[in-house]
Amino acid sequence: MNDIAMIGLAVMGRSLALNMADHGYEVAAYNRSYALTQEMMEKYPHEHVHAYQDLKECIHSLMKPRKVMLMVKAGKPVDMVIEQLIPLLEEGDIIIDGGNSFFEDTIRREAYLKEKGLHFFGVGISGGEDGARFGPSIMPGGNQKAYEEIRHILEDICAKAEDGKACCTYIGENGAGHYVKMVHNGIEYADMQLIAEAYLLLKHAGGFDNKEIHQIFEAWNDSELNSFLIQITADIFKEKDDLGSGELLDKIVDSAAQKGTGRWTSIEALKQGVDISMITASCNARIMSNQLKQRQQAHVVYPTQKIAIQHDQSFVDDVKEGLYTAKIIAYAQGFDLLKHASNTYQWNLSFGEIASIFRAGCIIRAQFLNDIMKAYARDTKLSHLMMDEFFSSQIQKHQESLRRITSLAIEKGNAVPAMSNAISYLDMFSSTHMGANLIQAQRDYFGAHTYERIDQVGSFHHAWGHDHE
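Asker: Would you take a moment to explain the side chain of Glu110 for this structure?
Answerer: As for its placement among the helices and strands, Glu110 is situated in helix H5 (residues 103–114). One buried charged residue, Glu110, forms no salt bridge at all, with the nearest opposite charge on Lys114 at 5.2 Å.

Pasting the structure below:
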C-alpha cells in the first residue's frame with residue numbers, strides 16, 4: 001500500500017514526490033496526461049515511486065486515511081480534480097493542495113469538503129524546484145487534529161534550519177497556510193525590488209561594474225544582509241553570457257513577470273486596512289517594467305539627470321545600510337498584515353514560528369529572520385515589528401543612509417519606488433501630524449461625514465460656510 005498520492009507531476013509535483021520517496025514513503029504518482037507520468041518514471045526512476053494511469057486505481061492503492069496531494073494549477077483545475085476525487089474517497093480522508101491557491105478559495109474548499117466528511121489542507125510551499133526536491137519551507141493550514149495524520153510526512157521532507165528545527169509548522173485553520181504563503185510572496189516581491197534598486201544605485205550612482213558589484217554583494221552576504229537572495233544576486237553578476245560576450249545580466253530585457261501572489265497580498269491589505277506600501281510599490285514596479293517601449297519613448301521626453309559618480313566605500317556603505325533599513329520596514333509591513341489577518345480570521349498565528357520556518361528552504365530565507373524570531377520571543381504580543389527594541393535601534397542607526405541614497409536617486413530622476421516608500425512609511429508611522437484633521441473637515445464639509453474633536457467626546461457635524469457666533 002502507498003502512503004500518499006501525488007497528483008500533478010510537473011516540476012514541483014515531481015520534485016516533492018521524489019523528496020517523499022527519498023524519505024522512505026511509498027508515493028503513488030498520477031498526472032492527467034500519462035505521458036508526463038511516463039517521462040518522470042523514465043528520467044527519475046525511484047523504487048518508492050509508483051506510476052498510475054487510472055485515478056481510481058491510484059487512490060485505492062493508498063492506506064487509510066488516504067492522503068492525496070495536489071500540485072496542479074491554481075483556480076478551476078484544483079476544483080476539477082477535487083470533484084474527481086470526492087467519489088473515490090471516504091470519510092476522514094485528506095486532500096492537500098500544495099499549489100499557490102488564493103486563500104479564500106482554500107477557505108471555501110475546506111468548508112465544502114468538511115460537509116462531505118473529508119479534510120482539506122491548504123499548504124503553502126516555498127523554495128522552488130530545488131527546495132521541493134531537497135527540502136522546502138512548508139506552511140500547512142487546516143484542521144489541527146487531522147494535521148497529525150500528515151505532520152510526519154511534511155516535517156520529514158521540509159528544510160531544516162541551522163539549529164535543526166523543521167521549517168514546517170501548523171499555521172492555523174482553513175486558509176491560514178495559503179495566506180501566510182501569499183504574504184511570504186509579497187515580502188519576496190519587496191525584497192527583490194529593494195535589491196534591484198540597490199543594484200541600480202551602485203551601477204548608475206556609484207559607477208561600479210558587474211565584477212565590482214559581485215564583490216560587493218559577496219561581502220554583504222557575510223553581514224547582517226546574509227540571505228539566499230543576496231547570495232544568488234552575487235552569483236548573477238559574475239555569470240557569463242553563454243550566447244555571446246560579457247555578463248548575461250546585461251543581455252536580459254528590463255521587464256519582469258509576476259504570477260499574482262504579490263497582487264493578492266496588496267488587495268488583501270486594502271481589505272484589512274493595512275499599509276503594505278512597499279509590497280504594493282514592488283508590484284507596481286513590475287507592472288511598469290512591462291511598459292518597456294513606452295518607458296523608452298518617455299525617457300526622451302523626460303530624460304534623467306546624470307548622477308555624479310560616487311565610486312567610493314562610503315557610498316557602498318550607505319547603500320548597504322539603506323537596503324538593510326528598508327528590508328526591516330518591508331518585513332514589518334508583511335508581519336503587520338499577518339497580525340491583522342490573524343485577528344480577522346481567528347487563526348491565532350504564531351509570528352515567531354512563522355519567522356522560524358522561513359529560515360531555510362524558502363526564497364526569503366535569511367539570517368535576518370533569527371532577529372524576527374527573537375523579537376516575538378521577547379514580546380509575544382508585539383504590536384509592530386518596528387516597535388521591537390532591536391529593530392527600532394537598527395532603523396534609528398541606519399535611516400540616514402536610506403534617506404541619503406533615496407534623496408540622491410529622486411533628485412536625479414532615478415526610480416527607487418520601494419526605498420522611497422520605506423521612507424514614507426517610516427515618516428507616517430512616526431508622525432503625530434498627517435493632515436488628516438483637514439481631510440476629515442473636507443469630508444464633513446461636502447458629505448456631512450462628521451468628525452471627532454480633541455477636546456470633547458462624540459461625533460460632530462459643522463455647518464461649514466455659515467456664520468457662527
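Asker: Even after reading the chapter, I still don't get the sheet that holds strand E4 (residues 67–70), so can you show me in this structure?
Answerer: Pairing between the strands of a sheet comes from backbone hydrogen bonds, and it takes one of two forms, parallel or antiparallel. Pairing is mixed across the open sheet formed by 7 strands, whose spatial order is E3-E2-E1-E4-E5-E6-E7. Because the sheet does not close on itself, it has two edges, and the strands there are strand E3 (49–51) and strand E7 (137–141). Direction aside, neighbouring strands of the sheet carry axes that sit 25° apart on average. Both strand E1 (residues 4–7) and strand E2 (residues 27–30) contribute to a ladder of 4 bridges, which runs parallel. Looking at the pairing, Ile4 lines up with Val27 of E2. Along the sheet, helix H1 (residues 11–22) contacts E1, E2, E3, E4 and strand E6 (119–126); its crossing angle with E1, the most-contacted strand, is approximately 160°. Docked against the sheet, helix H4 (residues 76–85) engages E1, E4, strand E5 (94–97) and E6, running at close to 160° with respect to E4.

Asker: I would appreciate a short explanation of the nonpolar core in the present structure.
Answerer: Nonpolar side chains tend toward joint burial in soluble globular proteins. One finds Trp220, Phe335 and Ile372 to be the most contacted residues of the largest nonpolar core, which totals 85 residues. With 15 residues, helix H15 (residues 313–345) is the largest single contributor of residues to this core. Beyond its immediate sequence surroundings of up to four residues, Trp220 is in contact with Ala198, Leu202, Leu225, Asn226, Ile230, Val316, Val319, Lys320 and Leu323.

Asker: Explain a nonpolar patch on the surface here, please?
Answerer: Taken together, the side chains of Val300, Val301 and Tyr302 make up a nonpolar region of the molecular surface, amounting to roughly 380 Å² of accessible area. Mapped onto the elements, Val301 comes out in helix H14 (residues 292–301).

Asker: Can you walk me through H4 in this structure?
Answerer: Given 3.6 residues to a turn, an α-helix orients residues that are three or four positions apart in the same direction. Within the span of H4, buried status applies to Val78, Val81, Ile82 and Leu85. Axial view of H4: buried residues confined to an arc of 105°, hence all on one face. For H4, exposure combined with an orientation more than 90 degrees from the buried face picks out Lys76 and Met80. Where H4 is buried, its residues touch E1, helix H3 (55–60), E4, E5, H5 and E6.

Asker: Which parts of the structure should I look at to understand the pattern of salt bridges?
Answerer: Opposite charge on two side chains makes pairing possible when the charged atoms of those side chains draw close. Within this structure, the stated rule accounts for 26 salt bridges. One salt bridge in this structure joins Asp336 and Lys339, with 3.8 Å as the shortest N-O distance. With Asp336 and Lys339 both in helix H15, this residue pair falls 3 residues apart, about one helical turn. According to the relative accessible area criterion, Asp336 is buried, its value standing at 11%. For the salt bridge of Arg453 with Asp455, the shortest nitrogen-to-oxygen distance reads 2.8 Å. According to the relative accessible area criterion, Arg453 is partly exposed, its value standing at 36%. Several salt bridges share partner residues, and in doing so they unite Asp79, Asp97, Asp105, Arg108 and Arg109 into one network.

Asker: Honestly, the packing of helix H9 (residues 176–205) against helix H13 (residues 277–289) in this entry has me stumped. Any pointers?
Answerer: Look at H9 against H13: their axes get within 8 Å of each other, and the N-to-C directions meet at 65°. Here H9 lies roughly perpendicular to H13, going by the angle between them. Seen from above, H9 lies across H13 with left-handed handedness. Residues Gly186, Ile187, Tyr189, Ala190, Met192, Gln193 and Leu194 of H9 form the contact with H13, whose own contacting residues are Met278, Ile279, Ser282, Cys283, Ala285 and Arg286. Class assignment for the residues of the contact of H9 with H13 results in 9 nonpolar, 3 polar and 1 charged.

Asker: Explain the environment of Arg404 to me, please; I cannot follow it from the model alone.
Answerer: When you line up the elements, Arg404 lands in helix H18 (residues 389–411). Exposure remark for Arg404: the relative accessible area of 46% places this residue in the partly exposed category. Distance from Arg404 to Val319, taken between C-alpha atoms, is 8.9 Å for residues 85 residues apart in sequence. Within polar-contact distance, the side chain of Arg404 engages the side chain of Asp318 at 2.8 Å.

Rules behind the numbers
- Residues numbered from 1 in each chain as written.
- Predicted model: local features only at pLDDT ≥ 70, side-chain atom pairs only at ≥ 80, totals over all residues.
- Heavy atoms only, no water.
- Helix = DSSP H or I, 4+ residues; strand = E, 2+ residues; numbered from the N terminus.
- Buried < 20%, exposed > 50% of the residue type's maximum accessible area, 1.4 Å probe, protein only.
- Lys, Arg positive; Asp, Glu negative; His and termini not counted.
- Salt bridge = Lys/Arg side-chain N within 4 Å of Asp/Glu carboxyl O.
- Pairing = 2+ DSSP bridges.
- Axes fitted to C-alpha atoms, helices over the stretch in contact; angles between N-to-C directions.
- Contact = heavy atoms within 4.5 Å.
- Core = buried A, V, L, I, M, F, W, Y, C linked by side-chain atoms within 4.5 Å.
- Patch = residues over 30% accessible without salt bridge, like charges linked within 9 Å, V, L, I, M, F, W, Y side chains within 5 Å.
- Areas by Shrake-Rupley, 256 points an atom, 1.4 Å probe, with all protein chains shown as cover.
- Arc of directions from axis to C-beta.
- Parallel < 35°, antiparallel > 145°, perpendicular 65-115°, else oblique.
- Left-handed = near helix turned anticlockwise from the far one by under 90°.
- Nonpolar A, V, L, I, M, F, W, Y, C, P; charged D, E, K, R; others polar.
- Polar contact = N/O pair within 3.5 Å; in protein donor to acceptor, adjacent residues only side chain to side chain.

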